[in-house]
Every structure is written in structure tokens, then in C-alpha cells.
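This is what each chain is made of:
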Amino acid sequence: MEFELDRTQMNSYDTRMDTTLLREETLEMIVPDACPDILRVVETDGKVVLTRKEAMDGRVELAGLFKLSVLYVPDGESGMRHLDAVIPFTCAAEGNGISPTCTVVACARLCKADTRAINPRKILVRSEAAVDVTVFVPQGEAICSRVAGDGEGGVEQLTETREVYLTACVQEKPFPLSDDIALSASKPAALELLKSRVSLNRGDSKIIGNKLIFKGSANVTILYRGEDNGIYASSAELPFSQIMEVAGVAEDAECDLTLALTGAECTLNPEDDGRTVSVSIEALAQAVVRETRVLDVLVDAYSTKEPLNVEWESCSTQSRLDRGIRSQNVREVWEVPGTIREITDCRLTVGQITRAQEGEKLVLTAQAEIQTLALNEEGELFAFQHPVNVPCSLELPEGCVCSCQCEGSGEVYAAPTAAGVEVRFTLDFRYCAMAHHQLTALCALEPGEARSESGKQPSLVLRMLEQGERLWDVAKAYGTTIADIISANELEDASAAVGRLLLIPRKR
């Protein structure tokens, strides 16, 4: 007879790549005729926008733009000036199992930027980006849960309950964000925007039905030259709320949201006499939804009436070890050349995150850098950088898989001190740690050849369970059932069989 197996379809996504790519670009640039000569380059700042992400056969490719502002002191003129530099970049990584059916989650950020004046009319701009990229491939596993119609054929089956932690949905949604930022009325009106920075910050998220509702904000920082040729800073927070479709997940599923900047423009509003700045932002929200599912898995079967041929198969599954946000507060004081009168601007950038296993601890280390723009006692504007390695220790065993995103939380505090500059900031490590397991289930069941039994077989057997042996193993070995053994020995349940001499009835 043929045996039909009931199967549970388990659709999910497998991670084929999770890495950070570093990309450096340089650009030689001629100072436009409308701009004065360069006396001294002060600082280079800006943002990185992601314009393309694509999975191909055996590789993933990404493209974007460095949108930079070069601040410089003009020769023979007062006040600060700036040059805009746009530098395109592409980066790629190869990996097994990557194909056009994969989904790519990516985010690019500026790590470093600096400019060297070759002569008063020519500069060399160098910039470096870190691109976090994760590649997911859709997969489907059919896990056998039971033998259909098991009453026929005297089939006994062993079913176990297993928890699996899987990536159930990977979805994205582009959205725009625009507003006007009013500059402080207590400061002079703006003559020229010198630079702008945009950072996207995630907020609360919640799944309701098949919708993911998420909130966040865009933090915009602007440096401008006022009518009095002074340098002024302004910042604003632009909140947003969005809805994204997510299918096939429970409302208590866990969502990791990645926000990528895909476009950003800040311009002075010509109709408001230098008092407002128009901001236009393009963003891409990328959601990775994970959840724990409980499966009934058929791990063994036999028949009390006839021999059976049984086949098993294994598939890779994951369990959730830990997930959360670990905040690291950093305070440092470092020396700087000269004496600082005032801090004008301060930025935090985060590069690569390295991982090192130290016994039962996984140490994540973020390579951060603080860049500060300051005025000295003579009123001259200058910039200085300071690298900082920020460790984060997690209680995780060796061999686990840990995905992590690191970003600044809140404002960066910087103030002059007698010893130099004191800087305080907070880094949030958002992590999800998982362990790999092999799930083995029965995949085929068919009648086997009848065994020839020589000699007369006893109808009753007396024996005890050996170390690590289950009542199931004994029942299978003697072609009987657990229920018959419990009944013959007047046991309450299978656990009462441990340590007892058992009477094993055999099927005739």
C-alpha cells in the first residue's frame, strides 16, 4: 500500500551575504570661474545617497553618489566659501547562491572625506563610503508533519514539536519627505548654504494585519554664511510616518528596519530673503521581518503489521539566541593644536563593524570618527578629526550568526576644555543573534520486503530501558506499540517506564 504524507510548507528567506563594503573615490576638480581662488581648505563634509542595488548571477552590485561640500577660505575676500562636488561610485561583491531572484537590503554612509588644494584653482577631493549589504534568497521547505490515514496499516509515528526562527518577509518602500526649515530670526539671514547633512532615524514600528506601520525622522543639519559673513549652524528634525505591505507574518513578528538615503537636496528659498531652507529628501525603507514558528515534525515511523522502508532528509534552520539594542556611551578628551574659542559643528561617522569571539563573548567593535569644525582665538575656522574604536560585548557562544547595525543616538556633544576638546556621544548597536541547526524529518515511507524469521519467536519479552533509550525505540524494535507496553505494565504514562523491568508484548 502507498502512504501519503502531510507536509507543512515553510517559506522563508535565507541570508546569502551579510557584509560591509568600503569604497574610496577621488576627484580632481577645477574651481569654477565664478568662485574666488582658494587660500586654504578648511573641511569637506556631506552625504552619500544610494542610487542602485541589484543582485546578479554570483554577485551583487551597488551604486551611489557622494554629495560633498568643500569649505575653504577665499584668497583676498572675507567670509567662508564652498564648492559642491558630486562623485559617483559603484561597488560589488561575489557570493555563492546569489541570483537575480535575491532581494538586496543596503544602506550607504559617509566614512571620511577630505580635500587637498593642488593650486588656488584646482583641488583633489577624496571620499570613502561604507555600504552595508545583506542578500536574501527566497526558499521553500516542505516539512513532513504526519502520515495521513495512519489508522490503516498499523503505522506508528513519532512526532516532535520544533521551534524555528526564520526570516518570513523582506519588503521595501520608497517614500519622499520635504519641508521648509526656518532659520533663527536672532541670526543674520543666509547669503549662502555652505553644507548640509541628512541622517535618517528609525522610530517605533508595529505590524497590524498585513501592514507595517513605522515612524522615524530625518535630522537635517545646515551650515550657512550669513549676511555679516559669519558662520552659523541650524538643525531641524522632520518626522515621518509610513505604511508598508508585509504579507504572511504574525502581528507579534520582529521587524528590523533599514533606512537608506536615495536623494537629498537643501536649497535657500529665494522667495524668503534667506530666512528659510527648502529640504527635499528621497528615502528607501527596507523591512526584514523575522518570527518564531512552531512546527510538528514527523521524525520516525514504523508499522506493526509489515516492514516499512523509511527515508529522512535534513534542512538548515535557525533559532533565536538574542536580539536587542545595546547602547555604548563614549566620553573622550583629546588635545588639539592651538586654543579653541568655539565649536561650530561636530559630526559622527561610523565605518566598519568588526567581530571577535572571546570565549563565551562576542565583541563587536565599531570604527567611528569625530570631525569637528571650530574657531580658534584668532577667529579662524579649522577642522580636526579623531578616530574612536567603540567596543560592545555580547554574551553569545562561538559559532552563532550575529547581524548588527550601528548608528549614533542623539546629538554629539563637543566643548572646548583646558586640555583640548571634550566629546561625548552614544552609539546604538542593533543586533540579532541566531544559531544554525539541522532539522531532520521523515520524507518518504513505503512498504518493504517481508523479513524471514527463523525459529519460533517469543510472544513476551522482559527487559529494562538502557541508558538514553526511549520507550519508542523498544516498541519499534519489537513491533509493538507504546500504548500496548503501558497497558501490559499498568503504567500511568511513558515516563514511568524508566528503571523498571518491562513486559514487552509482541504483535502476532
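Everything in this summary refers to the structure shown in the same document. (Residues numbered from 1 in each chain as written. Predicted model: local features only at pLDDT ≥ 70, side-chain atom pairs only at ≥ 80, totals over all residues. Heavy atoms only, no water.)

A short note on the sheet that holds strand β2 (residues 38-56)
Our working definition: Two strands form a pair only when DSSP identifies at least two bridges running between them. Each helix is a run of DSSP H or I of at least 4 residues and each strand a run of E of at least 2, with the numbering of both proceeding from the N terminus. Inter-axis angles, ranging from 0 to 180 degrees, are taken between N-to-C directions of lines fitted to C-alpha atoms, where helices are fitted over the stretch in contact.
Pairing within the open sheet is antiparallel, and its 3 strands lie in the order β2-β3-β4. If you trace the sheet from one side to the other, it starts and ends with β2 and β4 (81-94), each paired once. Strand after strand, the sheet turns through a mean of 15 degrees between neighbouring axes, direction not considered.

What about the pattern of salt bridges?
Rules: Whenever Lys or Arg places a side-chain nitrogen within 4 Å of a carboxyl oxygen from Asp or Glu, that contact is recorded as a salt bridge. Using a 1.4 Å probe on the protein chains alone, a residue whose accessible area is under 20% of its type maximum counts as buried, one over 50% counts as exposed, and one in between counts as partly exposed.
Applying the stated criterion across every chain yields a total of 38 salt bridges. A salt bridge links D45 to K195; its shortest N-O distance comes to 2.9 Å. Of the two residues, D45 sits in strand β2 while K195 sits in strand β8 (residues 190-208), which places them 150 residues apart along the sequence. Its relative accessible area of 5% is what places K195 among the buried residues. Across the pair R202 and E407 runs a salt bridge, and its minimum N-O distance is 2.8 Å. A residue pair is termed long-range when its members are at least 10 positions apart, and R202 in strand β8 and E407 in strand β17 (residues 401-417) qualify at 205 residues. Looking at R202, the relative accessible area reads 18%, which means it is buried. Put simply, E43, D45, K195, R197, D345 and R347 are held in one network by salt bridges that share partners.

A word on the packing of aromatic side chains
Using the following cut-off: Any Phe, Tyr or Trp ring, taking Trp's six-membered ring, that has another such ring centre within 6.5 Å forms a pair; planes under 30 degrees apart are called stacked, those over 60 apart edge-to-face, and the others tilted.
Counted under the stated rule, the structure contains 6 aromatic pairs. With a centroid separation of 5.1 Å and an interplanar angle of 50 degrees, the aromatic rings of F66 and F89 are classed as tilted. Note that F66 is positioned in strand β3 (residues 59-74) and F89 in strand β4, a separation of 23 residues in sequence. An identical accessibility class is assigned to F66 and F89; each is buried.

Here we look at the sheet that holds strand β18 (residues 420-447)
The strand order across the open sheet formed by 3 strands is β13-β18-β17, and the pairing between neighbours is antiparallel. Only two strands of the sheet have a single partner each, and these edge strands are β13 (308-334) and β17. This sheet shows a mean twist of 5 degrees between the axes of neighbouring strands, independent of strand direction. Sheet analysis places β17 next to β18, joined by 14 bridges and oriented antiparallel. Residue pairing in the sheet places V401 in a bridge with M434 of β18.

Section: the pairing of strand β15 (residues 361-376)
Along any regular strand, the residues point their side chains to alternate faces of the sheet. Counting buried positions along β15 gives 14 out of 16 residues, so the element sits mostly inside the fold. Bridging between strand β14 (residues 340-358) and β15 involves 15 bridges; their strand directions are antiparallel. Bridge pairing in β15 links I353 to A366. In textbook terms, the turn of a hairpin is the stretch between consecutive antiparallel strands, and for β14 and β15 this stretch comprises 2 residues, one of which, G359, has a positive phi near 65 degrees.

A short note on the nonpolar core
Definition in use: Throughout, nonpolar core names a set of buried Ala, Val, Leu, Ile, Met, Phe, Trp, Tyr and Cys residues whose side chains join them through atoms within 4.5 Å.
Counting 63 residues, the largest nonpolar core has L212, V220 and I281 as the members making the most contacts within it. Per element, the largest residue contribution to this core is 11 residues, and it comes from strand β12 (residues 276-303). Among the nonpolar cores identified, the runner-up in size contains 36 residues, and F66, L83, F89 and V131 belong to it.

Some words on unusual backbone geometry
What is expected of a backbone is that most residues other than glycine have negative phi and most peptide bonds are trans. Despite not being glycine, D273 has its phi angle at roughly 55 degrees, a positive value. Position of D273 relative to the elements: it lies in the loop between β11 (254-268) and β12. At E490, a residue that is not glycine, the phi angle is positive and equals roughly 55 degrees. Assignment of secondary structure puts E490 in the loop between α2 (482-488) and β20 (502-505).

Some thoughts on the side chain of N489
For clarity, the cut-off: Distance and chemistry together define a polar contact, namely a pair of N or O atoms within 3.5 Å, with one atom able to donate a hydrogen and the other to accept it when in protein, and with adjacent residues in sequence counting only for side-chain atoms on both sides. The contact criterion used throughout is that any non-hydrogen atoms of two residues lie within 4.5 Å.
For N489, the position within the fold is in the loop between α2 and β20. A relative accessible area of 10% places N489 in the buried class. Here I485 takes part through its backbone oxygen, which lies 2.8 Å from a polar atom of the side chain of N489. Contacts of N489, omitting those with residues within four sequence positions, involve R500, L501, L502 and L503.

Digging into the state of the cysteines
Here, the word disulfide means a covalent bond between the sulfur atoms of two cysteines. Selection criterion: What counts as a disulfide here is a pair of cysteine sulfur atoms lying within 2.5 Å.
Applying the stated criterion across every chain yields a total of 0 disulfides. Just so you know, C402 is unpaired, no disulfide at all, and the nearest cysteine sulfur is the one on C404, 5.9 Å from it. On the accessibility criterion, C402 (8% relative accessible area) is buried.

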